[in-house]
Amino acid sequence: MTERRRGAALENALLDAAWEELTAVGYARFTVDAVVKRAATSPPVLYRRWPDREALVRATLAHVGRRSILATPDTGSLRGDVLTLMREINATRVQLVTVMSVYLAGYHQETGTSPRDLLDPSVTGRKQALDVMYERAAARGEVEAERLTERMKTLPFDLLRHEFLTTFAAVPDHVLEEIVDTLFLPLVR
């Protein structure tokens, strides 16, 4: 006899099942029934938490974002910190970025949202991580904090995401270094 799941354990099982289903079939073929089957539960259990598949998708992406918060590197240099973080993202986030951009096109069309709307940087920890990195760089005298705009702070990561979306694959290390050394560092210094 299987043990009955409750609370956070049940919610995590439902969200994990939803992520598995979303990455297996995409949003167009994503159904609540398939998630329920994967999670080995019943529709009322799921509907008590999320009223429809759109709400379930939003909750699933927030769940994935929360469980995959990256540590803020502290290598002693802005170059090292940015490259370390980009390498970690490169090694662990290709699937997430691909799912959010390609598999969820129908979701965005139906709901009028964009990938940026689904993963709030304050939920994922991305904004806080970047702020800490740049505060450290400013304290070391590598950048002038007051000159940095949000666009400048996110530039290397936006370019990394662009690479993901044009190749659907991890980015070669020499490309990461080129982004940082040729485009990013000259801009912020």
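Residues numbered from 1 in each chain as written. Predicted model: local features only at pLDDT ≥ 70, side-chain atom pairs only at ≥ 80, totals over all residues. Heavy atoms only, no water.

## Notes on unusual backbone geometry
Within the chain, Ala-40 stands out as a residue other than glycine whose phi angle is a positive 55°. The topology assignment puts Ala-40 in the loop between α2 (32-39) and α3 (43-47). Here Ala-40 falls in the exposed class, since its relative accessible area comes to 64%. Despite not being glycine, Phe-168 shows a phi value in the positive range, around 55°. Counting through the fold element by element, Phe-168 comes out in the loop between α11 (150-167) and α12 (173-188). Taking relative accessible area as the criterion, Phe-168 reaches 48% and is therefore assigned partly exposed. (Helix = DSSP H or I, 4+ residues; strand = E, 2+ residues; numbered from the N terminus. Buried < 20%, exposed > 50% of the residue type's maximum accessible area, 1.4 Å probe, protein only.)

## Comments concerning α11
Over its 18 residues, α11 runs 26 Å from end to end, which matches the ideal 26 Å to within 8%, given 1.5 Å per residue. Looking at the residues trailing α11, positive phi occurs at Phe-168, about 55°. (Expected span 1.5 Å × (residues − 1).)

## Focus: helix α1 (residues 7-25)
Look at α1: 27 Å from first C-alpha to last across 19 residues, which is about the 27 Å you get at 1.5 Å a residue. The elements touched by buried residues of α1 are α2, α3, α4 (53-67) and α6 (94-103). (Contact = heavy atoms within 4.5 Å.)

The analysis is restricted to geometry; functional conclusions fall outside its scope.
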